[in-house]
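# Secondary and tertiary structure notes
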Amino acid sequence: MDQLKVLVTGSAYLGAYGASKAALNRLGRILEEELQSTAVEVLNHCPGPMRTALRARAHLAEHPQSIQDPAQTASQIITS
């Protein structure tokens, strides 16, 4: 399943998940605009597929090690 597809068109049985991701994405953009004249920076990051229990249940044939580790990805975001 393509990450962008979930955000834009949704996916069967993942409606609440897709809606929440879209809402967080939009909230980040709104905050970025509202805080533009302050010293606060907003980072709206969509890293793509992450190795989580939710994803493992939804993609049974997928090898977990082929998907990004959330802790490593978060560390890369923080240090960049």
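The structure reproduced in this document is the subject of the present report. Bear in mind that the values here come from a model prediction, so they are computed numbers and not experimental data.

### A word on the overall build of the protein
Each helix and strand counted, the protein has four helices and zero strands in total. Counted from the first residue to the last, the protein has its helices and strands arranged as α-α-α-α. Of the contacts formed within the protein by residues at least 6 apart in sequence, a portion of 19% connects residues at least 24 apart. As displayed, the protein offers around 6200 Å² of accessible surface, 58% of which is attributable to carbon and sulfur atoms.

### A short note on helix H2 (residues 15-34)
Between its first and last C-alpha, H2 extends 28 Å over 20 residues, near the 28 Å set by a 1.5 Å rise per residue. Three or more residues of H2 are buried, namely Gly18, Asn25 and Gly28. All buried residues of H2 fall inside an arc of 90 degrees around its axis, so they share one side. Relative to its buried face, H2 has exposed residues pointing more than 90 degrees away, namely Ala16 and Glu34.

Criteria and cut-off values
- Residues numbered from 1 in each chain as written.
- Predicted model: local features only at pLDDT ≥ 70, side-chain atom pairs only at ≥ 80, totals over all residues.
- Heavy atoms only, no water.
- Helix = DSSP H or I, 4+ residues; strand = E, 2+ residues; numbered from the N terminus.
- Contact = heavy atoms within 4.5 Å.
- Areas by Shrake-Rupley, 256 points an atom, 1.4 Å probe, with all protein chains shown as cover.
- Expected span 1.5 Å × (residues − 1).
- Buried < 20%, exposed > 50% of the residue type's maximum accessible area, 1.4 Å probe, protein only.
- Arc of directions from axis to C-beta.

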